[in-house]
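Report on the structure
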Amino acid sequence: MVGHRPLLWPGVVALAATPGLAAVAIVALLGAVPDLETGAIVNSYTFRILRFALLQATLSTLLSIAFAVPVARAFARRPAFPGRAFLIRLMGLPLVMPVIVAVFGIAAVWGQNGAISYGLRSLGFSGLSPLYGLAGILIAHVFFNMPLAVRLLLPVWETIPGETWRLAGQIGMNSWVILRLIELPRLASAVPGVATLIFLLCFTSFAAVLTLGGGPKAATLEVAIYHALRLEFDIARAVGLALLQVGVCAAVALVLLKFSWTPPSVSTEGRLVIRPDAQSPVSVLIDMAWIVAGILWIAGPLAAILIAGLAGPVAEVLARQSVWAAAFRSLAVGAGSGFLAVVLGIMLAMTTRDVAIRGKRPQLADRLEIFGSQTLVVSPVVLGAGLFVLLLPFVPVFDLALPLAALVNGLVAVPYALRLVGPVLRRTAEHHDRLCGSIGLTGWNRVRQLEWPAARRNAATAMALTSAMAAGDLTAIALFGTGREATLSLLLYQALGSYRMGEAAVLALLLIGVCLSMFVVIERLGSVGART
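The following paragraphs examine the structure supplied in this document. Model, not experiment: these values are computed from the prediction.

What to know about the environment of Val 292
Position of Val 292 relative to the elements: it lies in helix H13 (residues 281-311). Through-space distance from the C-alpha of Val 292 to that of Leu 87 is 9.7 Å; in sequence the pair is 205 residues apart.

Here is the structure:
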């Protein structure tokens, strides 16, 4: 690999398929409204929605990160307690959990008539206020994004070399000094990227805001775009809101990611080490308290969903052929989206790795990864609307609902795959590039013997995560789908709209089962024979 030119064509293809196609979608929206007036963007209605979207996204991001850092640190300080792997896997469940399903459980725990209100009233206190509005949206966003932040931040501790911990023990560093001098500098390289991802997810939130917003006073631009397209068919307003959303997301991403950097890799990172601050009884109690708090945060709504689903008309719903056909469609959309996201993510990661290692230009590689993640600033509604306008004159769009839903979800999920696979490919090259060059290990043999065994586990996690997310997605299928090609999420949405709550509870439980099964099976298949 040393002495050879960087491999550029995979990254070019990936960039053409991700930000390139997103740009085409935006151009198609602009072309649909050639005489876009300023009033479609600049008005009091838009400013009100923008102000609320920025407020809830900022608060959601701060709360998620503030909760996730001590939980991730607790898991990092306890690398070998019984059940740790299961608990970390449980932390990943909200990542693959459809938003519309989670609202059931959140309301059952935090709602005005939920479990917490019931407990407070039994003790003589007043119950909680209604869940709708900003409070409900924040609870839902932290429910989803705190576990995501934990999963993304936990590998930061694996990049700390074992020599650092041995030195900290030799000079007698306490927990606070270790946090300030060792952990926070490492976190400073990762938190901006994680915060950017969470902010963009919350800013473009759709299902959580639609169900828990409680009305137009608590709406995001994403919800307003959907209303303009599907309910009012006001293309001009939809285009104006879409452009505003893309502009804000791009500006926020550039500002936050400017402070993100990739720390240099060393050969002793990732090994099991004993921290000098992890042995005292006080540290054990603190870590266990944070881990229990994190698990309870997600376990309560999950238990509520399980109870509601089992209490519903299970046999009646599962006896319907249409339900199983919808489940198959959900699996097909998820598998297609996950495969597309992982392939494009690996292709871009191969190029950025070569640019950083072969070309000795790590900053350019980081910029290419940021550019390749720009689908984060183009939401599924905006991307889907652009493709709808672009393809409508040429193909029957509604007859292609499932492929289009898979395409939209796959493109939007590329940044997840890139973030999971990219670092391990670059780290492998940093450690073994010169050795491979000296022994002539190149091309397919290098991929088969070195890179794929190292990246297989991460690639499987990326495939599992993106597939499960797409299988339970409502946004894209709600835009393109019809009753003929319904997925489980669309059936659930229709049941909720018809107030068939018992049926909806069963569908919600089935949808969780489908998404979780897909996640577990794919991740486990990728772990078989993977390099540890």
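More follows now that the structure is in view.
Some remarks on the nonpolar core
If you look at the biggest cluster of nonpolar residues, it comprises 161 residues, and the most contacted ones within it are Phe 75, Met 97, Val 101, Phe 203, Leu 383 and Leu 488. Tallying contributions element by element places helix H7 (residues 134-158) first for this core, with 15 residues. Ignoring any residue separated from it by four or fewer positions in sequence, one finds Leu 383 in contact with Leu 21, Ala 22, Ala 25, Val 378, Val 408, Leu 411 and Val 412. Counting five residues, the second largest nonpolar core, distinct from the first, contains Ala 356, Ile 357, Ala 365 and Ala 429.

As for the side chain of Ser 117
You can see Ser 117 is positioned in helix H6 (residues 115-122). Among the polar contacts made by the side chain of Ser 117, one reaches the main-chain carbonyl oxygen of Gly 111 at a distance of 3.0 Å. Beyond its immediate sequence surroundings of up to four residues, Ser 117 is in contact with Gly 111, Gln 112, Gly 127 and Leu 128.

Digging into empty space enclosed by the protein
On inspection of all chains with the given rule, the structure shows two cavities of 30 Å³ or more. Estimated volume of the largest cavity: approximately 800 Å³. Val 99, Leu 201, Tyr 416, Met 469 and Asp 473 are, among the 38 residues lining the largest cavity, the residues nearest its centre. Here the element with the most residues in the lining of the largest cavity is helix H20 (residues 443-471); it accounts for five residues. Of the residues in the lining of the largest cavity, the class split is 26 nonpolar, 10 polar and two charged. There is about 50 Å³ of room inside the second largest cavity.

Quick look at the packing of helix H2 (residues 19-32) against helix H17 (residues 380-391)
Between H2 and H17, the shortest axis-to-axis distance is 8 Å and the interhelical angle comes to 65 degrees. Where H2 crosses over H17, the two elements pack in a sense that is left-handed. Of the residues in H17, those touching H2 at Leu 21, Ala 22, Val 24, Ala 25, Ala 28, Leu 29 and Ala 32 are Val 382, Leu 383, Ala 385, Gly 386, Leu 387, Val 389 and Leu 390.

What about the environment of Ala 304?
Relative to the elements of secondary structure, Ala 304 occurs in helix H13. Sequence separation between Ala 304 and Ile 106 is 198 residues; the distance between their C-alpha atoms is 8.1 Å. When residues no more than four places from it in sequence are discounted, the contact partners of Ala 304 are Gly 105, Ala 108 and Val 109.

Topic: the pattern of salt bridges
Considering all chains together, one arrives at seven salt bridges under this definition. Across the pair Arg 320 and Glu 503 runs a salt bridge, and its minimum N-O distance is 3.0 Å. Remark: Glu 503 occurs in helix H23 (residues 501-527) and Arg 320 occurs in the loop between helix H14 (314-318) and helix H15 (321-357); sequence separation between them is 183 residues. The exposure class assigned to Arg 320 is partly exposed, which follows from its relative accessible area of 27%. What emerges from the salt-bridge pattern is a single network uniting Glu 316, Arg 320, Arg 500 and Glu 503.

A few points about the layout of surface pockets
In this structure, the second largest pocket occupies an estimated 620 Å³ of space. Contributing to the lining of the second largest pocket are 20 residues, with Val 103, Tyr 132, Thr 211, Leu 496 and Met 501 lying nearest its centre. Elements represented by at least two residues in the lining of the second largest pocket include exactly helix H5 (99-110), helix H10 (207-212) and helix H22 (488-497). Tallied by class, residues from the lining of the second largest pocket come to 14 nonpolar, six polar and no charged.

Thresholds, definitions, all that
- Residues numbered from 1 in each chain as written.
- Predicted model: local features only at pLDDT ≥ 70, side-chain atom pairs only at ≥ 80, totals over all residues.
- Heavy atoms only, no water.
- Helix = DSSP H or I, 4+ residues; strand = E, 2+ residues; numbered from the N terminus.
- Core = buried A, V, L, I, M, F, W, Y, C linked by side-chain atoms within 4.5 Å.
- Buried < 20%, exposed > 50% of the residue type's maximum accessible area, 1.4 Å probe, protein only.
- Contact = heavy atoms within 4.5 Å.
- Polar contact = N/O pair within 3.5 Å; in protein donor to acceptor, adjacent residues only side chain to side chain.
- 1 Å grid on protein atoms, 1.4 Å probe; cavity = no way out; pocket = protein on both sides within 12 Å on 5 of 7 lines; lining within 4 Å.
- Points joined across faces, edges and corners; volume = space filled by probe spheres on them.
- Nonpolar A, V, L, I, M, F, W, Y, C, P; charged D, E, K, R; others polar.
- Axes fitted to C-alpha atoms, helices over the stretch in contact; angles between N-to-C directions.
- Left-handed = near helix turned anticlockwise from the far one by under 90°.
- Salt bridge = Lys/Arg side-chain N within 4 Å of Asp/Glu carboxyl O.

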